[in-house]
Amino acid sequence: MAPPEHWKSIDNGKIKPLRLLTEVYEDDYTIYENKVFCRTVDQVVTLLRNYKNIFTDIIYNKISFDLSVMDKSNHLYHYLALGKLYVGYAKSDELFTEKCEKYANTFDRIIGRICANHSRPVYKKNRKSKIGLRVRKTNILAMHKDYRHIFTLKKTLDRSDYPSDIGELGANSALLKKNYENFCNMLTVFSLGHFRFKTGEDLIYENREFKGASFEFEKWRAELLPVRIRCLNMRAIALSVSSGVNKHVTLLIPFMSDPGKECAGFMGGLLSDIAREYKADNYIFFIAEKSLQIPTYYSSTTISFGILPVSINDINSFKRIQRILLDAMIKVSATHDICPFCGGTFELNEKNYYCKKCKTELGRLICMTCEKAFYYTSVNYPALKEKVVSPDDYTPDNYWKYCQDKDSQFNYRNITALTSNGLPICPHCNEAVKQ
Ligand SMILES: [Zn+2]
Ligand SMILES: [Zn+2]
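Residues numbered from 1 in each chain as written. Chains lettered and ligands numbered in written order. Predicted model: local features only at pLDDT ≥ 70, side-chain atom pairs only at ≥ 80, totals over all residues.

1. Comments concerning helix α9 (residues 317–332)
1) Next: The terminal C-alpha atoms of α9 lie 24 Å apart, and with 16 residues this matches the ideal 22 Å at 1.5 Å per residue to within 8%.
2) Next: Here α9 lies mainly inside the structure; 15 of its 16 residues are buried. (Helix = DSSP H or I, 4+ residues; strand = E, 2+ residues; numbered from the N terminus. Expected span 1.5 Å × (residues − 1). Buried ≥ 20, exposed ≤ 12 C-beta atoms within 10 Å, placed from the backbone.)

Spelled out as structure tokens, the structure:
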């Protein structure tokens, strides 16, 4: 007990101390300066995560390349595409892989150290509080020996080109956005041009502007057209695939952003604006720097859309675009006589079409859950068909490997999502279908 000279009074037998020395009110945690502190911590973590993803992407691509060469049943154009891309990627592999692993691990360690402190009261109390776009230089932020550094760091982060949220993105990275759109245009042309399609004679670029392109293969015709989405000031590409009178339009939307999980809802919001301005059968958002994420397909009752990782760091990006094309080619076919993958002959087995040449299988199912019909594809190639890709076989540390294996489970020849055992998942209701 404290000696009497430190007593202020005795109230109901309880001693009130003269001065408070160690008592901390929980309210103190929510002062403005601590909110600034927490936002700064968040911004640092976001920045580190972005960098970590870039480096992990590069490591991941090296591994995917080794795997994809194993498949012997692809068509020649596929190898030509890989060959061309490999020259570029091989150079960067030699130079960067080891360094990338080192950096990715370092970032991971720092992120872990910071996040381990997220349960502390000062962070927990301020986790979701807002501080506005500009930080006010209060007395504490200007004078206090620790908060001074926070203020400097926050200012630096705000000045840098790394947006902490989507709203800031447009202002900070107009050039980055333009470059990404150009990259997506070119990669889409490349993907179609290396999927048995012959490119038309028209100019694809004129005065550095993407003019569109046309392609033909057997009974199919494909067209790429630049589209402007005015309400969002975005450029997109319309991929229109037709055969006879049937036509299927997919709007490909390069979207320069980091779509965290909560962003699926955000994109859903954007989608209705886009759909009002441009009518398509399907809307696909291309996103950069997230090749560790499994491509996701959503379909609401009205608008069907998906999120597709398309990144310059990811050699498999072109295969994902080709998968969208394959899907459209099947949907517009009135008869299934020609294999859309290799141009070989489709033979009708008991329940599905089969191409001897490339081992592609095509079937149509009626979902037991939603009772809607859909097409699915598969590869009659034991190594692929018997492959089980289940999240249970992976640890949190190599979850990225799960994403990669899942994405390439059928070597990008499945047009629907797949269960662990490679069975099709209904695109309408996302339920696994028993066969
Ligand atoms: Zn075939
Ligand atoms: Zn269904």
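2. Quick look at the confidence of the model for the protein
1) Next: Looking at the protein, the pLDDT average stands at 80 and 78% of residues meet or exceed 70.
2) Next: Confidence over residues 162–172 falls short of pLDDT 50; this stretch has 12 contacts with residues more than four positions distant or in other chains. (pLDDT = per-residue confidence, 0-100. Contact = placed C-beta atoms within 7 Å.)

3. Things to note about the pairing of strand β9 (residues 246–255)
1) Next: Relative to β9, strand β8 (residues 234–243) runs antiparallel, the two sharing 7 bridges. Across the sheet, residue L239 finds its bridge partner in β9, namely T250.
2) Next: Between β8 and the antiparallel strand that follows it, β9, lie 2 residues; G244 among them carries a positive phi value of about 60 degrees.
3) Next: The pairing of β9 with strand β10 (residues 282–287) spans 6 bridges and is classified as parallel. Bridge assignment links F255 to a residue of β10, and that residue is I287. (Pairing = 2+ DSSP bridges.)

4. Quick notes on the pairing of strand β15 (residues 360–366)
1) Next: Across 3 bridges, strand β14 (residues 352–355) lies against β15 in antiparallel orientation. By the bridge assignment, Y354 is partnered in β15 with E361.
2) Next: Between β14 and β15, which follow one another and run antiparallel, lie 4 residues, and K359 among them has a positive phi close to 70 degrees.
3) Next: Taken together, β15 and the strand that follows it, strand β16 (residues 373–379), pair antiparallel across an intervening segment of 6 residues, in which E371 is found at a positive phi of about 65 degrees.

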